[in-house]
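Structure at a glance
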Amino acid sequence: MTRIASFSAILAAAALLSACVFAPPVTTSTDANAISKMSEQALATCGAGNVKEVNAKSFSCK
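Overview of the structure. (Residues numbered from 1 in each chain as written. Predicted model: local features only at pLDDT ≥ 70, side-chain atom pairs only at ≥ 80, totals over all residues. Heavy atoms only, no water.)

On to the overall build of the protein chain. Counting secondary structure elements, the protein chain contains 2 helices and 2 strands. When burial is assessed residue by residue, the protein chain has 5% of its 62 residues classed as buried. Long-range contacts, defined as pairs at least 24 residues apart, comprise 3% of the intrachain contacts of the protein chain with a sequence gap of at least 6. Accessible area for the protein chain stands at about 5,400 Å²; split by element, carbon and sulfur atoms hold 65% of it. (Helix = DSSP H or I, 4+ residues; strand = E, 2+ residues; numbered from the N terminus. Buried < 20%, exposed > 50% of the residue type's maximum accessible area, 1.4 Å probe, protein only. Contact = heavy atoms within 4.5 Å. Areas by Shrake-Rupley, 256 points an atom, 1.4 Å probe, with all protein chains shown as cover.)

What follows is the structure, given as structure tokens:
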């Protein structure tokens, strides 16, 4: 009985440790469009040379 329990524990541990992780693509065409639009908005709001950071959802001024 002990062999069955230890074999089950080893099998369960192996199954839990071999899980796959799915990550979505980092860059898509919609992200590029969103960044382009946000960049235009950042330039209009902050002024040329005053934009600190731009991403697909927001921007910040210096």
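Sheet topology places strand E1 (residues 51-54) next to strand E2 (residues 59-61); 3 bridges connect them, and they run antiparallel. Bridge pairing in E2 links Glu53 to Ser60. Linkage of E1 to E2, two consecutive antiparallel strands, is achieved through a turn of 4 residues. (Pairing = 2+ DSSP bridges.)

Quick look at the state of the cysteines now. Counted under the stated rule, the structure contains 1 disulfide. Note on cysteine connectivity: Cys46 is disulfide-linked to Cys61, with sulfurs 1.7 Å apart. On the S-S bond that ties Cys46 to Cys61, the torsion sits near -70 degrees, and the link is left-handed. With Cys46 in helix H2 (residues 29-46) and Cys61 in strand E2, the pair connects residues that are 15 residues apart, well separated along the chain. (Disulfide = S-S within 2.5 Å.)

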